[in-house]
Amino acid sequence: MATIFTRIAAGEIPSYKVAENEDYYAFLDINPLAKGHTLVIPKKVEDDYIFNLDPAVYEGLWQFARKVAVALKAAVPCKRVGVAVLGMEVPHTHIHLVPLQTEADLDFRKEHPVFTPEQQAETAAAILAEYEKL
Ligand code: 5GP
């Protein structure tokens, strides 16, 4: 069964792509906690619980997420990139990468900032440009 994230990775549903390789895909969260809030997913694996992943896929996902986080920090100035794994909403394993100025930036219950499509496109392009330098 294809999840919404499988369809995003396949390009069937639009997203603001920030990085991609053969097996993994990273894109901006549609309801970001902060500028540059990124989701990192395996393209094919659809288990909704990260600790159920095949160990090789799990390792590959974190390796890819590390690279994306380096690119994200270069593109979006922040104290550090925070990490969260929830999976309460979308049943397809994903890692949240959130640029942090303060620990409150990782509070999913707070009021989320709003960015225009142009701002989201610009942020995604900046992260992708940094990713391609790595
Ligand atoms: P979680 O499953 O980790 O609790 O939350 C799912 C996350 O995915 C949320 O932060 C939500 O804003 C994001 N999200 C849900 N649907 C879409 C979508 O169609 N596109 C994008 N870019 N993000 C989504």
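Everything that follows concerns the structure shown earlier in this document.
Residues numbered from 1 in each chain as written. Predicted model: local features only at pLDDT ≥ 70, side-chain atom pairs only at ≥ 80, totals over all residues. Heavy atoms only, no water.

Residues and numbers for the packing of aromatic side chains, please.
Here the structure, examined in full by the defined rule, presents 7 aromatic pairs. Plain terms: the ring middles of F64 and Y131 are 6.0 Å apart, the flat faces sit at 75° to each other, and that makes the pair edge-to-face. In this pair, F64 is assigned in helix α2 (residues 55-75) and Y131 in helix α3 (residues 117-133), connecting sequence segments 67 residues apart. On the basis of relative accessibility, which here comes to 10%, the residue Y131 falls in the buried class. (Phe/Tyr/Trp six-rings, centres within 6.5 Å; stacked < 30°, edge-to-face > 60°. Helix = DSSP H or I, 4+ residues; strand = E, 2+ residues; numbered from the N terminus. Buried < 20%, exposed > 50% of the residue type's maximum accessible area, 1.4 Å probe, protein only.)

Now, about the environment of G11: what can you tell me, with residues and values included?
By secondary structure assignment, the location of G11 is in the loop between α1 (4-9) and β1 (17-20). G11 sits 52 residues away from Q63 along the chain, and the two C-alpha atoms are 23 Å apart.

An account of the sheet that holds strand β3 (residues 38-42) is requested, with residue identities and associated values reported.
Ordered in space as β1-β2-β3-β5-β4, the 5 strands form an open sheet in which the pairing is antiparallel. With partners counted over all chains shown, the strands left at the sheet margins are β1 and β4 (80-84), one partner each. Averaged over all neighbouring strand pairs, the angle between strand axes comes to 20°, with direction disregarded. Running at roughly 155° to β3, α2 makes contact with β1, β2 (24-28), β3, β4 and β5 (95-100) of the sheet. Sheet strands touched by α3: β1, β2 and β3. Its angle to β1, the strand with the most contacts, is close to 25°. (Pairing = 2+ DSSP bridges. Axes fitted to C-alpha atoms, helices over the stretch in contact; angles between N-to-C directions. Contact = heavy atoms within 4.5 Å.)

Remember, this is a structural readout, not a statement about activity or role.
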